[in-house]
Amino acid sequence: MPVPWFLLSLALGRSPMVLSLEKLMGPQDTARCSPGLSCHLWDGDVLCLPGSIVSAPGPVLVPTRLQTELVLRCHQETDCDLCVRVSIHLAVHGHWEEPKDEDRSGRAADLELEEPRNAFLQAQVVLSFQAYPTARCVLLEVQVPAALVQPGQSVGSVVFDCFEAALGAEVRLWSYTQPRYQKELNLTQQLPDCKGLEVQDSIQSCWALPWLSVSADGDDVHLVLDVSEEQHFGLSLYWNQVQGPTKPLWHSNLTGPRNITLNHTDLFPCLCIQVWPLEPDSVRTSLCPFKEDPRAHRNLWRAARLRLLSPQGWQLNAPCLLLAEATLCWQAPGGGPCLSLVPPLSRENVTVNKTLELPLLNVHPNLCVQVSSWEKLQLQECLWADSLGALKDDMLLLETRGPQNNRSLCALEPSGCTPLLSQASTRAARLGEQLLQDLQSGQCLQLWEDDLRALWACPMDKYVHQRWALVWLACLLLASALFLLFLVKRNQVKGWLRLLKEDLRAGAVARGRATLLVYSAEDSGFERLVGALASALCQLPLRVAVDLWSRRELSAQGPLAWFHAQRRQTLQEGGVVVLLFSPGAVALCHEWLQDGASASAPHGPHDAFAASLSCVLPDFLQGRAPGRYVGAYFEGLLHSEAVPALFRSVPVFSLPSQLPDFLRTLQGPGTLRPGRLGERAKRVSRALQPALDSCFSLPGIPGIPGIPRTARGLAREAGATAR
């Protein structure tokens, strides 16, 4: 049985989230006023003729705000229609006209005669209602005592009951006075359907609606319509487009009950379901249940496409509305990150299926469009690569213009914007003078400019050809030198070749094995010790990966992504992951095991050990670690009992005393004779000795009670064990 994950009722019963409506008995319209006002509703409807705006002769009543409320107008207890109650808030507009000085004495005697006539301020308020196919206008007379008249202040409200409307209809209301003293008020409202109101027992058109539920079963989604076998109904699936008409995907007339299956790849946030009985003037009810479904949003981005329409025009095509931003970037050949051009070019909000123009003077195959949502890159495409050819090895220059025609030039590279005439060790700095000459001679293509800046693309093909010519010449010279050396020292060369042949035969498997070192960055001394170990292992040789040698990739990708990629590649090639335990690493492990991932964020931008625990711990907890992981620690820095018990399911070696066993595990059984293994262990011990001495001499490195041996003593012990 599928487990319901989202239950939708298109034929509602009672629910705490639906509205319970007031019932009005009888067909007649009524009007009532707030205290202090008097009002009268004219019999029958009137013509809706707003007329033009005229000047107010003095203070007048005008409508200032419209409010609506849904009620039921019932002919019988179970025979009701939806009705819209309208409240009109009124205020005084204009001022009394002050009499002139010469008229005040002459009119004083007439004030008592005018007061009864001006004791009330009266207005005729028109209320207009439209809801297809109905249109009505009613007239309300309102009076307010003169004592309540304060210009600009509200005097109260009048309530009209009510305008009948269909479920799910769109209604429009207008209100103005006759004559009209200001612009009419208007209000548009979408009425709910049967699913949003507690009307199942009151409105007969809701009785026949099918009951629809949505449930998930693995990757499939089921639409279950629980209706009688004799009932006929229509079912439609469509994309609810914000711009333009809806796009129907599937429509069918069915007989219940039915169970319709949708694949999870068919889900989109704007996918909606509409169901209705096959009866005249039946109510159609729509629902869009996948607006917040993560699978629907993933499918939407997979379906989104960037399309080039003209040299500077492009479009983002997607079935639903997307909230996204677009930027331009520069993609160099050979991979690597696409260099964002923000600044100088600004980000731009993207409207789906709408043509956007790029502020470019010329286009280039290396220019790409990136589309991001909530600061996450979703799409990237080099739109002009198909029409202009493959990516070019061009240098992108940013020109900045200052006062008095001063300008500066820098080259956009992964490390930043490098000034052309600088001492930096980048390609742009080495070729700065040549690139400046190319720009002045018109060999560069201008891509964009404004008042202060410009972008140029300068070709680098000729410099690449010169570089390869020098490389070939160096290779020829090296080959000649090697040939002369072979002629002079033939006997020694034969001995070297013999040793090389033995190395190839005995260490072919070990030479190619990949090894990933993971450690916690304690301090600079410990990092030097790890670097010395990695360099020594490379001489065995092993293919070693460590974050010390990949800081640029680590900063670009983040510690977690970098470790996940290295771990996957190492294990796919049959390699091994080495966990180097230290006091800091043990503390991080205990935090993860006690408090979970939320308690241990990476301690720095290059701390791969803290990030790696989210991948490493599941392998140990699920028994997948043996054969894939090896543990190690340096004596004098950590006790063997300090290694968490969870990690002892794999071999854990003490270095440097257990170096032979450590190397045998890394290179695999049977790959080297014991004598050769001992020689390599001595070599690694000698390489580690300076780093060990330096590490133990640092004031911040604590010793372990009961282990007074020095680094030199440990190295001698490793050599003795190897022999």
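First, a word on scope: everything that follows refers to the structure included in this document. (Residues numbered from 1 in each chain as written. Predicted model: local features only at pLDDT ≥ 70, side-chain atom pairs only at ≥ 80, totals over all residues. Heavy atoms only, no water.)

Here the focus is a nonpolar patch on the surface. A cluster of nonpolar residues, F483, L484, F486, L487 and V488, forms a patch on the protein surface that exposes about 520 Å² of accessible area. Its location among the elements puts V488 in helix α7 (residues 461-488). Residue classification places V488 among the exposed positions, given a relative accessible area of 65%. (Patch = residues over 30% accessible without salt bridge, like charges linked within 9 Å, V, L, I, M, F, W, Y side chains within 5 Å. Areas by Shrake-Rupley, 256 points an atom, 1.4 Å probe, with all protein chains shown as cover. Salt bridge = Lys/Arg side-chain N within 4 Å of Asp/Glu carboxyl O. Helix = DSSP H or I, 4+ residues; strand = E, 2+ residues; numbered from the N terminus. Buried < 20%, exposed > 50% of the residue type's maximum accessible area, 1.4 Å probe, protein only.)

On to the pairing of strand β25 (residues 367-373). In terms of burial, β25 is a largely internal element, seven of the seven residues being buried. With burial as the criterion, each face of β25 is covered, one bearing L367, V369, V371 and S373 and the other bearing C368, Q370 and S372. As paired elements, strand β21 (residues 324-330) and β25 share six bridges and run antiparallel to each other. Looking across to β25, one finds that W330 is bridged to L367. Pairing of β25 with strand β26 (residues 376-381), which is carried by five bridges, proceeds in the antiparallel orientation. (Pairing = 2+ DSSP bridges.)

The next point concerns the pattern of salt bridges. Scanning the model with the defined rule gives 22 salt bridges in all. One salt bridge in this structure joins R73 and D29, with 3.0 Å as the shortest N-O distance. Of the two residues, R73 is situated in strand β5 (residues 60-76) and D29 in the loop between β2 (22-25) and β3 (30-33); the sequence distance between them amounts to 44 residues. Given a relative accessible area of 4%, R73 falls into the buried group. Bridged by salt links that share partners, the residues E22, R32, E69, R85 and D161 form one connected network.

This next bit is on the sheet that holds strand β34 (residues 576-581). Pairing within the open sheet is parallel, and its five strands lie in the order β33-β32-β34-β35-β36. Lying at the two open borders of the sheet, with one neighbouring strand each, are β33 (543-545) and β36 (652-655). Here the strands of the sheet are splayed against their neighbours by 25 degrees on average, with no regard to which way each runs. Alignment of strand β32 (residues 514-518) against β34, held across four bridges, turns out to be parallel. Each bridged residue has a counterpart across the sheet, and for T515 the counterpart in β34 is V576. Sitting on the sheet, helix α12 (residues 559-572) is in contact with β32, β33, β34 and β35 (629-634), with an inclination near 150 degrees to β32. (Axes fitted to C-alpha atoms, helices over the stretch in contact; angles between N-to-C directions. Contact = heavy atoms within 4.5 Å.)

Attention shifts here to α12. With 14 residues, α12 extends 20 Å from end C-alpha to end C-alpha; this agrees with the ideal 20 Å at 1.5 Å per step. Every buried residue of α12 is accounted for by P559, W562, F563, Q566, R567, T570 and L571. Along the long axis of α12, the arc covered by the buried residues comes to 145 degrees, so they all point the same way. Close packing links the buried residues of α12 with β32, β33, α11 (551-557), β34, α14 (608-621) and β35. Looking one or two residues past α12, G574 carries a phi angle of roughly 80 degrees, positive in sign. (Expected span 1.5 Å × (residues − 1). Arc of directions from axis to C-beta.)

On to the environment of H95, then. Along the chain, H95 falls in the loop between β6 (79-93) and α1 (101-107). Among the residues examined, H95 registers a relative accessible area of 58% and is labelled exposed. Each C-alpha atom, one on H95 and one on Q150, is 8.6 Å from the other, the two residues being 55 residues apart in sequence. When near neighbours in sequence (up to four residues on either side) are disregarded, H95 contacts G58, P59 and P151.

Time to look at the pairing of β6. Burial analysis of β6 places 12 of its 15 residues in the buried class, which makes it a mostly covered element. Hairpin connection of β5 to β6: two residues between the antiparallel strands. Two elements, β6 and strand β9 (residues 154-164), share eight bridges in a ladder whose sense is antiparallel. Residue pairing across strands places S87 opposite V159, the latter belonging to β9.

Judged by nonpolar contacts, the single largest core of 54 residues is most densely connected at W314, L316, V369 and W384. Non-local contacts of L316, meaning those with residues more than four positions away in its chain, are made with A304, R305, L306, L322, V350, V352, N353, V371 and L379. (Core = buried A, V, L, I, M, F, W, Y, C linked by side-chain atoms within 4.5 Å.)

Attention shifts here to the packing of aromatic side chains. This structure, assessed with the given rule, holds nine aromatic pairs. The interplanar angle of 65 degrees and the centroid separation of 5.3 Å between the aromatic rings of F581 and F647 together place this pair among those described as edge-to-face. Highlighted residues: F581 in strand β34 and F647 in the loop between β35 and β36, separated in sequence by 66 residues. You'll find F581 and F647 in the same group, each marked buried. (Phe/Tyr/Trp six-rings, centres within 6.5 Å; stacked < 30°, edge-to-face > 60°.)

All we've got here are geometric facts, nothing functional implied.
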